[in-house]
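Listed below, chain by chain, are the residues.
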Amino acid sequence: MVTTPHDPGSAHLDGNVLAGPLRELFAVDMTSARTECVGCGQRAAVAELETYLGGPGVVARCPGCHAAVLRYVRTPSTAYLDLRGTLTMTVPMPAGGAES
Amino acid sequence: MAITRGFRGRRLDADVELPPGQYLTQDFPVLSAGPTPRIDRDSWEFTITTEAGATHSWAWQQLLALPQDKPTVDIHCVTKWSKLGTAWQGVSLDVLLEQVESTADYALVHSHGGYTTNLPVQDLLDGQAWLVHQYDGEDLPPEHGGPVRLLVPHLYLWKSAKWVNGIQLLEQDEPGFWETLGYHEYGDPWREQRYAGD
Ligand SMILES: [Zn+2]
């Protein structure tokens, strides 16, 4: 099947737009967290993820292989965060935070 | 002109009953959860896999050779827009499924790019679902799911998978891309089944 993955008609945004939705869940800014893609192993900051906002939920994709690494839906009563496309997520923390 | 357009808008709104929580739109919004694939019609293929593992495939020319329907239907997106009287051309799922031996109750629809959505097989039968390849008299454009998308207009539009390439028939229900993430497993707009538990 012949496909062109980069299509100007479905332009995505960068992952900085995830700052708002994820602020509801996490105590730190998650856009500087780094994800490791299950599919291709590429590491990327959340801010670098190819992020689609228009549909029923938010889908953030790996800049290497375009697989979904983070999906988020906020219903009136529940937040759903799906990270099955992410092997690990590393989050920079304020120094000394673990002892305090 | 402005007065005429305003009057027509009001009359349309007054005459039409929409599912609860929906608003009427005249344009056709494009909602994307990923890059839009450009799929070559000559290499397009659609495969139904039964619960026993048997596969039945149709290529582009084989799809066109089957009896064609021209459904004109209202569509309802879970993001709250509805569009009335959309005109499509395609093949009824009745035609495809009558060539398949199966007693499965559930279907998991697959699309190019990995999207999935689930629905009961019953909702694919009896003139309720089509594989469509034309919209408004033209080839279905990629941003609306072309070359071929599923059309199941009695359910929210996320069930009408764009860039469809297969249906898996299953004995057990298996939730799809949005159904695993808080959206309703059935998605009847008239009962406002947006989210799990609605
Ligand atoms: Zn990747």
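Residues numbered from 1 in each chain as written. Chains lettered and ligands numbered in written order. Predicted model: local features only at pLDDT ≥ 70, side-chain atom pairs only at ≥ 80, totals over all residues. Heavy atoms only, no water.

### Examining the overall build of chain B
Here's step 1: Within chain B one finds 3 helices and 11 strands.
Here's step 2: Counting helices and strands in the order they occur from the N terminus, chain B gives α-β-β-β-α-β-β-α-β-β-β-β-β-β.
Here's step 3: Taken over C-alpha atoms, the radius of gyration comes to 17 Å for chain B, in line with the 16 Å a tight globule of 198 residues would show.
Here's step 4: Dimensions of chain B along its principal axes, counting C-alpha atoms only, are 60 × 40 × 30 Å.
Here's step 5: Residues counted as buried form 49% of the 198 residues belonging to chain B.
Here's step 6: As displayed, chain B offers around 9300 Å² of accessible surface, 47% of which is attributable to carbon and sulfur atoms.
Here's step 7: Measuring between centres, the 14 positive side-chain charges of chain B sit 14 Å from its 28 negative side-chain charges. (Helix = DSSP H or I, 4+ residues; strand = E, 2+ residues; numbered from the N terminus. Rg over C-alpha atoms; globule rule 2.2 N^0.38 Å. Buried < 20%, exposed > 50% of the residue type's maximum accessible area, 1.4 Å probe, protein only. Areas by Shrake-Rupley, 256 points an atom, 1.4 Å probe, with all protein chains shown as cover. Lys, Arg positive; Asp, Glu negative; His and termini not counted. Charge placed at Lys NZ, Arg CZ, Asp CG, Glu CD.)

### Concerning the environment of Arg61(A)
Here's step 1: Tracing the backbone shows Arg61(A) in strand E5 (residues 58-61).
Here's step 2: Setting aside residues up to four positions removed in sequence, Arg61(A) forms contacts with Leu49(A), Glu50(A), Tyr52(A), His66(A), Ala67(A), Ala68(A), Val69(A), Ala33(B), Gly34(B) and Pro35(B).
Here's step 3: A polar contact of 2.8 Å, which involves the side chain of Arg61(A), links it to the backbone oxygen of His66(A). (Contact = heavy atoms within 4.5 Å. Polar contact = N/O pair within 3.5 Å; in protein donor to acceptor, adjacent residues only side chain to side chain.)

### Section: the sheet that holds strand E8 (residues 86-90) of chain A
Residues and elements named next belong to chain A.
Here's step 1: An order of E3-E2-E8 is seen for the 3 strands of this open sheet, with the pairing classed as antiparallel. Strands with a single pairing partner mark the edges of an open sheet, and in this sheet they are strand E3 (43-45) and E8. Strand after strand, the sheet turns through a mean of 25° between neighbouring axes, direction not considered. (Pairing = 2+ DSSP bridges. Axes fitted to C-alpha atoms, helices over the stretch in contact; angles between N-to-C directions.)

### Observations concerning the coordination of the zinc ion
Residue and element names in this part refer to chain A.
Here's step 1: Within the protein, Cys37 (SG), Cys40 (SG), Cys62 (SG) and Cys65 (SG) serve as the donor atoms for the zinc ion, at 2.3 to 2.4 Å.
Here's step 2: Here the donor residues for the zinc ion map to a single chain with the spacing C-x2-C-x21-C-x2-C. A residue pair is termed long-range when its members are at least 10 positions apart, and Cys40 in the loop between strand E2 (34-37) and E3 and Cys65 in the loop between E5 and strand E6 (68-74) qualify at 25 residues.
Here's step 3: Judged by its relative accessible area of 39%, Cys40 falls in the partly exposed class.
Here's step 4: Overall, the relative accessible area of 32% leaves Cys65 in the partly exposed class. (Donors = N, O, S within 2.8 Å, 3.2 Å for Na, K, Ca; no water.)

### Let's talk about the pairing of strand E2 (residues 45-49) of chain B
Residue and element names in this part refer to chain B.
Here's step 1: By the alternation rule, side chains of E2 split into Phe46 and Ile48, which are all buried, and Glu45, Thr47 and Thr49, of which none is buried.
Here's step 2: With 5 bridges joining them, E2 and strand E3 (residues 55-59) adopt antiparallel strand pairing. Directly across from Glu45, in E3, lies its bridge partner Ala59.
Here's step 3: Sheet analysis places E2 next to strand E11 (residues 164-170), joined by 3 bridges and oriented parallel. Residue pairing for E11: Thr49 is matched across the bridge by Gln168.

### A few points about the sheet that holds strand E7 (residues 79-82) of chain A
Through backbone hydrogen bonds, the strands of a sheet pair up, either in parallel or in antiparallel fashion.
Residues and elements named next belong to chain A.
Here's step 1: Strand order across the open sheet formed by 5 strands is E1-E4-E5-E6-E7, with antiparallel pairing between neighbours. Unpaired on one side and paired on the other, strand E1 (13-14) and E7 mark the two borders of the sheet.
Here's step 2: Here E5 runs beside E6; their pairing, made up of 4 bridges, is antiparallel. The residue bridging Val59 from the neighbouring strand is Arg71, located in E6.

### Section: the interface of chain B and chain A
Here's step 1: Residue-level contacts link 24 residues of chain B with 25 residues of chain A.
Here's step 2: Between chain B and chain A lies a buried interface of about 2200 Å² when both sides are counted; carbon and sulfur atoms form 62% of it.
Here's step 3: Considering only the side of chain B, the residues that lose the most area to chain A are Pro35(B), Arg38(B) and Leu181(B), jointly responsible for 27% of the buried surface there.
Here's step 4: Here chain B and chain A share 0 salt bridges between them.
Here's step 5: Along the contact surface separating chain B from chain A lie 4 residue pairs in polar contact (both at pLDDT 80 or more). (Buried area = accessible area lost by both parts, 1.4 Å probe. Salt bridge = Lys/Arg side-chain N within 4 Å of Asp/Glu carboxyl O.)

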